[in-house]
Structure formats: structure tokens, C-alpha cells
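# Secondary and tertiary structure notes
For reference, the chains in residue letters:
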Amino acid sequence: MSALSIGPYTLPNRLILAPMAGVTDQPFRQLCRRLGAGMVVSEMVTSDVRLWNTRKSSLRMIHSGDPEPRSVQIAGGDPQMLAEAARANVQLGAQIIDINMGCPAKKVCNKAAGSALLKDRQLVQAILEAVVAAVDVPVTLKIRTGWDRQNRNGVDVARIAEQAGIVALAVHGRTRADLYTGEAEYDTIAAIKQAVSIPVLANGDIDSPEKAARVLAATGADGLLIGRAAQGRPWIFREIEHYLRTGARCPAPALTEIEGILLEHLAALHAFYGDVMGVRIARKHVGWYLATLPGAREFRAQFNRLDRQDAQCASVRQFFGERYNDGEGVAA
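Residues numbered from 1 in each chain as written. Predicted model: local features only at pLDDT ≥ 70, side-chain atom pairs only at ≥ 80, totals over all residues. Heavy atoms only, no water.

To keep it simple, the criterion reads: UniProt positions are given in the numbering used here, feature names are shortened, and annotations may be inferred rather than shown by experiment.
Per an unreviewed UniProt entry, the protein chain carries the name tRNA-dihydrouridine synthase B and comes from Phytopseudomonas dryadis. Annotation of the protein chain in UniProt includes, under Function (unreviewed entry), the sentence "Catalyzes the synthesis of 5,6-dihydrouridine (D), a modified base found in the D-loop of most tRNAs, via the reduction of the C5-C6 double bond in target uridines." Database annotation for the protein chain, UniProt heading Cofactor (unreviewed entry): "FMN".

In C-alpha cells form, the structure reads like this:
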């Protein structure tokens, strides 16, 4: 795989963990980086600094100890507030600022942020220019292909972004109206790649090594953003990187390795969030890890009633202990 550079940073590969609110916290970012992601991006941070003293926002703004380059995503609809948020995050250790114009969530779009911004060409330009001028680190942008299927204006937005000084562009192959339904399309990403000279990253439904190779071929993209497919499967980066480099699949992780990764993840969550919040957040991650394993549904029902770290870890060990076979792997 050819190298991907974002500003002055040359990444070890072209695979990036997409920012996901409530998922890509520091423990998950560090794990994905160790398991093959070339770069990871923080959860979305609101540009409204008045909300930063909440526990949720303050935890999202811990950048020390993160793998470099540290990319932090900000969201909002006011150019000056976004500029201020960018400056503040750089002071806290961010080395790349990523602007969210891709989130389709109603609570984000109703505030004229996320993909709602794609409707307003002038506002897009004003935001990008304000943020680029505010910081001396690279600024990247995440968009969708447009507002709805009749208004796929991704090429237009991409050109505005390049002129404003954006150094790389991630494109999710759906419109705002599509939310996460249907299948992602890659023709618009290919058109955007042809229209600009900055790196373009493809995003949407990349859930296997083979699909990653097909999307790169179909779009000509410089790299891939992987989001939901990494939930409960952080080793997907290692699998895709190996496939793109060699043309062959690497062996699926054995149950013993999955158990080790999951226990490591649980320990990191509890250390980062503390006992009460750590226990709660661990539940969804455990559900994702075990989703494809037999007996997972019954296990989750009892696991979700546990309220202590030691009980959670013991329960996970018991689940895997009951399923060991010599050298058994797990199909990807």
C-alpha cells in the first residue's frame, strides 16, 4: 500500500478509524491503533465551549497518551465557535482538527451542524476558512455525498474545501437523508476524487478485506475510513492491511486472542471511566465482541446485570472457557 500523508504526518498505512460518538473513546482508539489502524480519530466534540465542563465532553477532550498524530473531530454550525473550539483542542494536544459535516443524527442536524451544513454553500466556506485560519495544524473534513439523492453536492463541497485549505477529505457514501440505511454508493466518492487533488478517504460499509480492496479500486481513494465494522472487531484493521499488502487473508484471531483483547479493553474502560461508568460502557462493547459467537444472547442478558469490574471480567473468562477448542479460530 502506498503511503498516505495528512499535512506533515505520513501514516503507517491507509486505514483510519472513523470517529463515532460514544464508541471511539481513548481506550478504543488505542486498541485499534495497536491492532493495525494507521490513524484514529476522536469522538465528536461540540464546538460550544460552554458545554465542555460536562463529564462526557471533558472525557472526550483527553488527548494526552493518544497515538500520534492525534486527530480530534469538532462539530457545530457557527464559524467563530468552531474556530475557538479548534484553537482550544490544539492547546489540549490535538495535532489534526477534523470538521464534522457528515453526521446525520437529528440532534446534530437540528442545530445546523453535521451533514445539515451541506445545504448551505456559503456557510460551509465560512466555517472551513475560519477554522483553517484559526490553527496552525492540518484541518481535515468529513462529509456525506450530499443532503439527499436529488442534491448530491459532494463534488461542489469538496472543491470549496480544497480552496479553503482543507488537507484531506473523508466522504461517507450516503446522503444525509439516507442515514445509515441502504447500501453506500461509491460513484460520488470516485467523482470527488477526480475533482480535487487533496487526499480523499472513502467511508461506508467497508466491513471486510475484500470489500476494502473493491472500494479502493472503485473510487481511486487514497485511504479508507472504517467505523461500525470495527465495533467488537478492532482487529479488522490488521486483516485489511494484510489483505491489501499480500492479496491473501490472514488467519482469523483464535478465541484465546479475542478473550485477551476483550479483557484488555475492559480493563482500559474501567481505568478511564471509573467503576460506575466503566461498567455501563463495557456492556455495549462486550455485546459487539460476542455478537457472532454461539450463546451470546443468553450471556449478554446476564452480563448486563453485573455491576462490578471483577464480576464482568470473571464472566467473560467463563464464557470463553466454556468454548475453547484446540486452536479454534473465529470466522471474520
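Alright, that's what it looks like, and here's the rest.
## With respect to the pairing of strand 11 (residues 223-226)
Spelled out, the test is: Whether a residue is buried, partly exposed or exposed follows from its accessible area with a 1.4 Å probe, protein chains only, as a fraction of its type maximum: under 20%, in between, or over 50%, in that order. Helix numbers and strand numbers start at the N terminus; a helix is a DSSP run of H or I with at least 4 residues, a strand a run of E with at least 2. Should DSSP find at least two bridges between two strands, the strands are taken to pair. Looking down the strands as they point away from the viewer, one classifies a crossover as right-handed if the path from the first strand across the helix to the second runs clockwise.
Here strand 11 shows a buried face lined by G223 and L225 and a second buried face lined by L224 and I226. Strand direction decides the pairing type here: strand 3 (residues 15-17) and strand 11, joined by three bridges, are parallel. Looking at strand 11, one finds that L17 is bridged to I226. Bridge count between strand 10 (residues 200-203) and strand 11: three bridges; the pairing is parallel. Bridge pairing links N203 to L225 in strand 11. Running through helix 8 (residues 209-219), the crossover from strand 10 to the neighbouring parallel element strand 11 is right-handed.

## Structural notes on helix 12 (residues 296-303)
Short version of the rule: For this quantity, the arc is that covered by the directions from the helix axis to the C-beta atoms. Contact definition: two residues touch when any of their heavy atoms are within 4.5 Å.
Along helix 12, the positions that sit buried rather than exposed are A296, F299 and F303. One side of helix 12 carries all its buried residues, which in axial view fall inside an arc of 65 degrees. Opposite the packed face of helix 12, turned more than 90 degrees from it, sit the exposed residues R297 and E298. Lining the buried residues of helix 12 we find helix 11 (275-290) and helix 13 (309-321).

## Comments concerning the side chain of D66
Keep this limit in mind: Identification of polar contacts relies on pairs of N or O atoms within 3.5 Å, with a donor-acceptor requirement for protein atoms, meaning one able to donate a hydrogen and the other able to accept it, and with residues adjacent in sequence counted only if both atoms are side-chain atoms.
When you line up the elements, D66 lands in the loop between helix 2 (55-60) and strand 6 (71-75). Of the residues examined, D66 reaches a relative accessible area of 10% and is grouped as buried. A polar side-chain atom of D66 sits 2.6 Å from a polar atom in the side chain of R29. Setting aside chain neighbours within four positions, we find D66 in contact with Q26, R29 and Q30.

## Concerning the sheet that holds strand 10
Test applied: For helices, the axis comes from a line fit to the C-alpha atoms of the stretch in contact; other axes are also lines fit to C-alpha atoms, and the angle between any two N-to-C directions lies between 0 and 180 degrees.
In spatial order, the strands read 4-3-11-10-9-8-7-6-5; together these nine strands make up an open sheet with parallel pairing. Pairing within the sheet leaves two strands with one partner each, and these edge strands are strand 4 (39-40) and strand 5 (45-46). Most of the contacts of helix 8 go to strand 11, to which it runs at about 130 degrees, and overall it touches strand 10 and strand 11.

## Some remarks on the UniProt feature "binding site: FMN" (unreviewed entry) in the protein chain
Mapped onto the present numbering, the UniProt feature "binding site: FMN" (unreviewed entry) falls on P19, M20, A21, Q73, K142, N203, G204, D205, G227 and R228. Relative to the elements of secondary structure, K142 occurs in strand 8 (residues 139-144). Residue K142 is classed as buried on the basis of its relative accessible area, which comes to 10%. Positionally, G204 belongs in the loop between strand 10 and helix 8. The exposure class of G204 is buried, given its relative accessible area of 3%.

## Observations concerning the side chain of S208
In this fold, S208 is placed in the loop between strand 10 and helix 8. Leave out the neighbours within four places in its chain, and S208 touches R233, I236, I240 and R249.

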